[in-house]
Amino acid sequence: MPIGDPPKTVIDFPKLPQMPKLPAGGLRALLLGILAVWVVFSSFYTVDPEEVGIELRFGKYTETTKPGLNFKLPLGIERVTKVPVQRQLKEEFGFRTLRAGVRTEFDRNSRDTLGESNMLTGDLNAALVEWVVQYRIAEPYKFLFRVRNVQETLRDMSEAVMREVVGDRTVNEVLTVGRQEVADLVEQKLQELCNQYENGIKIDQVVLQDVNPPDRVKPSFNAVNQAQQEREKLINQAQSEYNKVIPRARGRAQQAIQEAEGYALNRVNRAEGEAARFTSVYEEYRKAPEVTRKRIYLETMNELLPKLGRKIVVDDSVEGVLPLLNFDGVRLEAKPE
């Protein structure tokens, strides 16, 4: 060893015990057993009650299996894709549900959500439209093999249809009275597109979650809505007053007309009755003038005498009747000669 070099230290590590070597026949049996277990477990699969299984043999569709335990060829010969046909799925537009619960949290301010919800109405007003598309997978084969990226395609179709429908209506219709009509029309048009694309999707419902004007124009929009509501209030008040006054005036006018018609009819009937009575009296008078004249005189006196009060009748040919008459309280007036 050269002078000045440090001494070398040699460390002896303990030798590990060697694993016992399996015989060649035992190793082959172990591998065959593992392979057999893997083949058995890969030959059976379970489909949940809300799903169906789509079997592919070397990538080609063979059959659709029902819920329960099913068999397939192992070793990758047949593969199964499970499709939830009984589950209702949904796509959210203009917002995203971050966490569901008693107080659900949403995301409305991301670039994607704002881009989806910003729309232009038919009267060139801006609106923020949030909606949900609820759907089911009606035909799993078409859902898997007819359209590539079927969920992204569905989102693109939904957004295009919603922009078309909103663009044909005014902002007031979209915000207020036309919401349900917009949702129904979008559902109808979206289902027609799904049938045309043959993507195997059945649209259950389209729900407009929230429709608002953009934040920058909300104060002006609220002022306009308040003015419109005030106008409607004044119109309703005027209409209410009109409904009170006009029918009452019409009723009074109709009452006056009917009273006048009744009075005229009464006068005409009485005049006709008097004329008929006079005619009948005249006819009787022509038959017996003396009798009729005397009867008329008696009837007239019968009507007048009860109205004259106390009466004293003295015959001109009788003399000396004054002591027999009681003139107490009676004022006698001399009859002028």
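The preceding data block contains the structure.
Residues numbered from 1 in each chain as written. Predicted model: local features only at pLDDT ≥ 70, side-chain atom pairs only at ≥ 80, totals over all residues. Heavy atoms only, no water.

Student: Just checking my understanding: could you explain the packing of helix α7 (residues 218-287) against helix α8 (residues 289-304) for this structure?
Tutor: Geometrically, a packed helix pair is captured by the angle between its two axes and the distance between the axes. α8 packs onto α7 with a crossing angle of 130° between their chain directions and a minimal axis gap of 5 Å. Classified by the angle their axes make, α7 and α8 are oblique. On the side of α7, the interface is formed by V281, E284, Y285, R286 and K287, while α8 contributes P289, T292, R293 and I296. (Axes fitted to C-alpha atoms, helices over the stretch in contact; angles between N-to-C directions. Helix = DSSP H or I, 4+ residues; strand = E, 2+ residues; numbered from the N terminus. Parallel < 35°, antiparallel > 145°, perpendicular 65-115°, else oblique. Contact = heavy atoms within 4.5 Å.)

Student: Looking at this structure, how should I read the pattern of salt bridges?
Tutor: Oppositely charged side chains may form a pair once their charged atoms are brought near each other. Tallied over the entire structure, the rule returns 16 salt bridges. In this structure, the salt-bridge partner of R155 is E91, at a minimum N-O distance of 2.8 Å. Within this pair, whereas R155 is found in helix α4 (residues 150-167), its partner E91 is found in strand β6 (residues 89-93), the two being separated by 64 residues in sequence. Judged by its relative accessible area of 12%, E91 falls in the buried class. Across the salt bridge formed by D204 and R136, the nearest N and O atoms sit 2.9 Å from each other. Of this pair, D204 sits in strand β11 (residues 201-212) while R136 sits in strand β10 (residues 126-137), and the two are 68 residues apart along the sequence. One network of salt bridges, in which partners are shared, links E91, R96, E116 and R155. (Salt bridge = Lys/Arg side-chain N within 4 Å of Asp/Glu carboxyl O. Buried < 20%, exposed > 50% of the residue type's maximum accessible area, 1.4 Å probe, protein only.)

These results come straight from atomic positions and should not be treated as a statement about function.
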